[in-house]
Amino acid sequence: MSESEAVVNITVNGQPVEAKPGEWVIAAAERAGVYIPHFCYHPRMESVGMCRMCIVDIDAGRGPALQPSCMVAVSEGMVVDTTSEQTRKAQDGVLEFLLLNHPLDCPVCDKGGECPLQDQTMAYGPGESRFVEEKRHFEKPIPVNDLVYLDRERCILCDRCTRFADDVAGDPLITFQDRGDQTQVNTFPDLPFSSYFSGNTVQICPVGALTAVPYRFKARPWDLTEAESTYPNPMGDRVVVQASRDQVLRYQGVDSDAVNWGWLTDKDRFAFEALASELRLRSPLVRGTPLGRPDPDGSELVETSWHQALDQAADAIRAAVENKGPQSVAVLGGARLTNEDQYAWARLAKGVVGTDNVDAQLDDGLPGGVVLGLPRATINRACTPGGTVILMAPDPKEEQGTLYLRLRHAVVNDGVQLIELTPRATGLSHLAAHRLHHRPGEVAAVAAALVGGDIDAGPVGEAGGVSAEFLGAAAAALADRTDRPITVILGRTSLAEAAGPTVEAAAEFMRLAKLLAAGSRPGIAFLPALHRGNVLGALDMGLAPGLLPGRVALGDGGTALAETWGSVPASSGADARGILRAAADGSIDVLILLGADPLGDFPDRKAAESALDSVGTVIASDLFLHPSAARADIVFPSAGFGERRGTHTNMEGRITRERQVVTSPGTARADWAIASELARRLGADFGFAGPEDVWDEIIRLAPSHQDLSLEAIDHETDGVVVGGTSIVYSPPEAVVPVPNVDSYSLRLVSSRRMYDRGTLVQHSPSLSGLAPDAVLGLNPSDFQRAGVDPGAEVQVISHVGEMSVPVVADPGVPRGTAAFGFNHPDLDVRDLIDPDAVVTDLRIQTG
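Caption draft 1: Quick look at the nonpolar core. Among the nonpolar cores identified, the biggest contains 106 residues, and W345, L421, F509 and F636 are the most heavily contacted of them. A per-element tally of this core places helix 15 (residues 500–518) first, with nine residues. With sequence-adjacent residues up to four places away left out, W345 is seen in contact with L337, L543, I592, L594, S621, D671, I674, A675 and L678.

Okay, here's the thing in structure tokens:
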């Protein structure tokens, strides 16, 4: 601890310790290397002193006394003794009481071998029990939801699970019930523990009372091999991947102070099941005739060798370049890959083939130049006590679960002011200081009114359906805190509207940022909340039109790259929408899909279908044969998370390591190896023998990653944030016109839910049944205007299609707006979305 920081001097077991003001004794002792046994205490939750196991001798000046160290703050001159005779006797007694009704079923308990109660009984317990009466009994186990089982006999009432559900997740669905020796933790009747974060209660449970269904009876801790890694989601959650017999069996959250604090969403925690799916691709596939079966068209995908598949792919790319030029080859996807995989594919596309028709996003994000040009915030900056967060992104509870947990804690506990600029309510709306729920497509008008012409002046009128009163209050609150950090969380709030309004809104906040900078105030930074795992890494590695690796714009640099690559494209290519339309027009001869399923995920399904029907050769590199891969001519089986080595870049630009724990199924390969083999067949030898060689080239050629060695990344507990960029932000040149709302229509909002028909969810048995059916949500006041009743089946009509869908009342949907989830397993909202319009209007027809 530096001399400039305030310290509190205490003594622990005779040794001087420098503690932090306000720190609990148990935390100060642990930092000094003295472990105090405990069950209920958790550093990321409020202390409650339930278990009394952490009782130690504490002398604060009035003589030593037994006190719970998780409830006593340090004070100057305090003396703590964790080894005194009365401390040991107290801990012995606490354990004896806890074991009165605890079943001795360690041999069949999933927690056995990693159980704090087991360990502490051995270290601090009595050694034998004096209790000879019958223990209490409950029905066991009982499901509290589809993913978690509860064994009430094992529960020691530590209050960890209930505190997490209530205080951390904000889902108070599990609580204490009954009294006396019948006190138990349980859910309410007919109300399951329907939280997106229930798996965290299993990890923090100090006994085997809560167990995860996918892991029950699968392995013992001593059977597991493990490695700390980074889960490939936009947050870059730190995890421990655990495996046995070459199969991943569990993910556990790692307490990364900068990122996820040890929490995970259930979707990410249990998605490991997909890795062991019988439907995983295990060998290359090509269009051909199956052996032993008649197939005159030769149209089935059949297994083949890597040699043949790579040769066919290289021949197709070579022929396309010779016949129509480099721009007849396009690459879609790649956001699920490691940075090294992305770099290898970018080098193949832009350096070997010579095409800039490359896009890792599927028309559901923001332009790469905008994202890389905006000043970047960190998650910790967004959560700065007393700061302001402007949420102009999809509901983080649905799309970035651990970011939601961090923001919730910051608002509830650290005084962060939250201002929502969203077209509908989110999981944070009830905590927001100001909720500006605007009409779809009109966020730029609301942002302009909020910012105003002066940082100390509020707006003067209604904008985007938000009243002048609400705007004025929000603007005054924003102006009042300009002396503290302001963070804009930026993303596509609705896939039923174009990206233009969001880009324009970002420009309004950039205008405010310049005014704040001129006044020497902390200013504004942006945290991009984009969909797809390593999408920020993809932008950094050049998997986007107009970009080169290292956050360099095409045409603004690339000399060093060109010397190594041989060449770079002369002009910018098309984005995902342009690529698919060019493919439909016959301008694209070879389309390479990198973990991308445009048939299932691209907002314009008809364009995706037309493109795949028209393109000459489709090459897919993927884990599964999803609808788009099933239409491919050549399919490469690729390595998934836990089967590959590399690095990951999260939303704040933080680079951390991905590590391999198991081998890939069959002959599946890492994507960097696939791209390198294709390049070799096209006459370019990358010289990569492993992902470490790829990283060495990245840090040599990419300006933003200059000299960032893997050793330097490993040296930092939470990785390294890359902040430099040569991309100069420029505001949009033209304002996107938004049509007026007519009195008969409702404006569509469509965003993703946590569980949907995504590939990993649908191939994980424990998650696949959690995706809800589609409904159309309306504000309760709109039912009379629409002439329908809640729960009725209605016909919904847009300019491009219609469908029958149940309609429900949703107070979180503003008046004049209709909410329809994206990527539901039953109904597809893309049948209603107008891909050429800024917004999509709907009409409801009954009878």
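Caption draft 2: Expanded view of the sheet that holds strand 5 (residues 79–81). With mixed pairing, the five strands of this open sheet are ordered in space as 2-1-5-3-4. Pairing within the sheet leaves two strands with one partner each, and these edge strands are strand 2 (15–19) and strand 4 (65–68). Direction aside, neighbouring strands of the sheet carry axes that sit 40 degrees apart on average. Examined bridge by bridge, strand 3 (residues 55–59) and strand 4 share four bridges and lie antiparallel to one another. Across the sheet, residue V56 finds its bridge partner in strand 4, namely Q67.

Caption draft 3: Molecular detail of the packing of helix 8 (residues 339–353) against helix 22 (residues 671–681). Where helix 8 meets helix 22, the axes come as close as 7 Å, and the angle between the chain directions of the two elements is 20 degrees. With respect to their mutual orientation, helix 8 and helix 22 come out roughly parallel. The crossing of helix 8 and helix 22 is left-handed. Along its contact with helix 8, which presents E340, D341, A344, W345, L348 and V352, the element helix 22 presents D671, W672, I674, A675, L678 and A679. Of the residues in the contact of helix 8 with helix 22, the class split is nine nonpolar, no polar and three charged.

Caption draft 4: A look at the pairing of strand 35 (residues 817–820). Because side chains alternate across strand 35, one face comprises the buried residues T817 and A819, and the other comprises A818 and F820, equally buried. Bridge count for strand 31 (residues 746–749) against strand 35 is three bridges, and the pairing is parallel. From the neighbouring strand, L748 faces strand 35, where its bridge partner is A818. The sheet contact formed by strand 32 (residues 776–778) and strand 35 spans three bridges and is antiparallel. Looking across to strand 35, one finds that L776 is bridged to F820.

Caption draft 5: Up close: the packing of helix 8 against helix 23 (residues 691–701). Where helix 8 meets helix 23, the closest approach of the two axes is 9 Å, and the angle between their N-to-C directions is 70 degrees. Taken together, the axes of helix 8 and helix 23 are roughly perpendicular relative to one another. Note that helix 8 runs across helix 23; the crossing there is left-handed. Taken together, the residues of helix 23 that come into contact with helix 8 (itself represented by N339, E340, Y343 and R347) are P691, V694, W695, E697, I698 and L701.

Caption draft 6: The packing of aromatic side chains, seen in detail. Within the structure shown, the criterion is met by eleven aromatic pairs. Centre to centre, the rings of Y196 and Y755 are 5.7 Å apart; their planes meet at 80 degrees, and the pair counts as edge-to-face. On the criterion of sequence distance, the pair formed by Y196 in the loop between strand 9 (184–187) and helix 5 (199–204) and Y755 in the loop between strand 31 and helix 25 (759–762) is long-range, its members being 559 residues apart. For the pair shown, Y196 and Y755 are each scored as buried. Residues Y251 and F641 carry aromatic rings whose centres are separated by 5.6 Å and whose planes lie at 70 degrees to one another, so their mutual orientation is edge-to-face. Taken together, the residues span a long stretch of sequence, with Y251 in strand 13 (residues 247–253) and F641 in the loop between strand 27 (634–637) and strand 28 (646–649) at a distance of 390 residues. Judged by relative accessible area, F641 falls into the buried class, the value being 6%. Each residue in the set Y196, F197, Y404 and Y755 is aromatic and connected to the rest through ring pairs, giving one cluster. The residue whose ring lies beneath R250 is Y215, and the NZ or CZ to ring-centre distance is 4.3 Å. If you follow R669 out to its NZ or CZ, it ends over the ring of W306, 4.3 Å from the centre.

Caption draft 7: Inspection of unusual backbone geometry at higher detail. A cis geometry characterises the amide bond from K140 onward to P141, with omega recorded as -20 degrees. Unlike most non-glycine residues, D159 shows phi in positive territory, near 75 degrees. Of note, D159 is situated in the loop between strand 7 (148–150) and helix 4 (160–168). The class for D159 is buried, based on a relative accessible area of 13%.

Caption draft 8: Local environment of helix 14 (residues 468–480). Helix length check: helix 14 (13 residues) gives 18 Å between terminal C-alpha atoms against 18 Å at 1.5 Å per residue, within 8%. Those residues of helix 14 that sit buried are L471, A474, A475, A477, L478 and A479. Where helix 14 is buried, its residues meet strand 18 (388–392), strand 19 (417–422), strand 20 (434–437), helix 13 (443–451), strand 21 (486–490) and helix 15.

Caption draft 9: Region of interest: the environment of L407. By the element assignment, L407 lies in helix 12 (residues 401–414). Sequence separation between L407 and N380 is 27 residues, and the spatial gap between their C-alpha atoms is 9.6 Å. Residue contacts for L407: discarding those within four places in its chain leaves C383, V389, P396, L428 and I489.

Caption draft 10: Structural view of the environment of V736. Checked against the element boundaries, V736 lands in the loop between strand 30 (720–721) and strand 31. Taking relative accessible area as the criterion, V736 reaches 24% and is therefore assigned partly exposed. Placed 355 residues apart in sequence, V736 and R381 show a C-alpha to C-alpha distance of 31 Å. Not counting residues within four places of it along the chain, the set of residues in contact with V736 comprises G500, E504 and V838.

Caption draft 11: Representation of the side chain of S69 within the structure. When you line up the elements, S69 lands in the loop between strand 4 and strand 5. Among the polar contacts made by the side chain of S69, one reaches the main-chain carbonyl oxygen of C54 at a distance of 2.9 Å. The residues touching S69, leaving out its near neighbours within four places in the chain, are W24, V25, I26, I36, C54, V56 and I58.

Caption draft 12: Just the sheet that holds strand 13, in detail. Read across the sheet, three strands follow the order 11-12-13 without closing on themselves; strand pairing throughout is antiparallel. Edge positions in the sheet fall to strand 11 (225–230) and strand 13, since each has one partner strand and no second. The average angle at which neighbouring strand axes cross in this sheet is 30 degrees, direction not considered. Where strand 11 and strand 12 (residues 238–244) come together, six bridges link them in antiparallel fashion. Paired with S229 across the two strands is V239, which belongs to strand 12.

Caption draft 13: The side chain of S494, seen in detail. Position of S494 relative to the elements: it lies in the loop between strand 21 and helix 15. Residue classification places S494 among the buried residues on the basis of a relative accessible area of 1%. A polar atom in the side chain of S494 sits 3.0 Å from the backbone nitrogen of S750. Setting aside anything within four residues of it in sequence, one finds S494 in contact with L748, V749 and S750.

Caption draft 14: Spatial organisation of the pattern of salt bridges. All chains considered together, the criterion is met by 49 salt bridges. With a shortest N-O distance of 3.0 Å, D714 and R659 are connected by a salt bridge. With D714 in helix 24 (residues 710–715) and R659 in the loop between strand 29 (654–658) and helix 22, this residue pair connects regions lying 55 residues apart in the sequence. With relative accessibility at 39%, the residue D714 sits in the partly exposed group. You can call R659 partly exposed: its relative accessible area is 26%. The salt bridge involving E697 is made with R700; its shortest N-O contact spans 3.9 Å. One end of the pair, E697, and the other, R700, are both in helix 23, three residues apart, so they sit about a helical turn from each other.

How each quantity is defined
Residues numbered from 1 in each chain as written. Predicted model: local features only at pLDDT ≥ 70, side-chain atom pairs only at ≥ 80, totals over all residues. Heavy atoms only, no water. Core = buried A, V, L, I, M, F, W, Y, C linked by side-chain atoms within 4.5 Å. Buried < 20%, exposed > 50% of the residue type's maximum accessible area, 1.4 Å probe, protein only. Helix = DSSP H or I, 4+ residues; strand = E, 2+ residues; numbered from the N terminus. Contact = heavy atoms within 4.5 Å. Pairing = 2+ DSSP bridges. Axes fitted to C-alpha atoms, helices over the stretch in contact; angles between N-to-C directions. Parallel < 35°, antiparallel > 145°, perpendicular 65-115°, else oblique. Left-handed = near helix turned anticlockwise from the far one by under 90°. Nonpolar A, V, L, I, M, F, W, Y, C, P; charged D, E, K, R; others polar. Phe/Tyr/Trp six-rings, centres within 6.5 Å; stacked < 30°, edge-to-face > 60°. Lys NZ or Arg CZ within 6 Å of the ring centre and 35° of its normal. Expected span 1.5 Å × (residues − 1). Polar contact = N/O pair within 3.5 Å; in protein donor to acceptor, adjacent residues only side chain to side chain. Salt bridge = Lys/Arg side-chain N within 4 Å of Asp/Glu carboxyl O.

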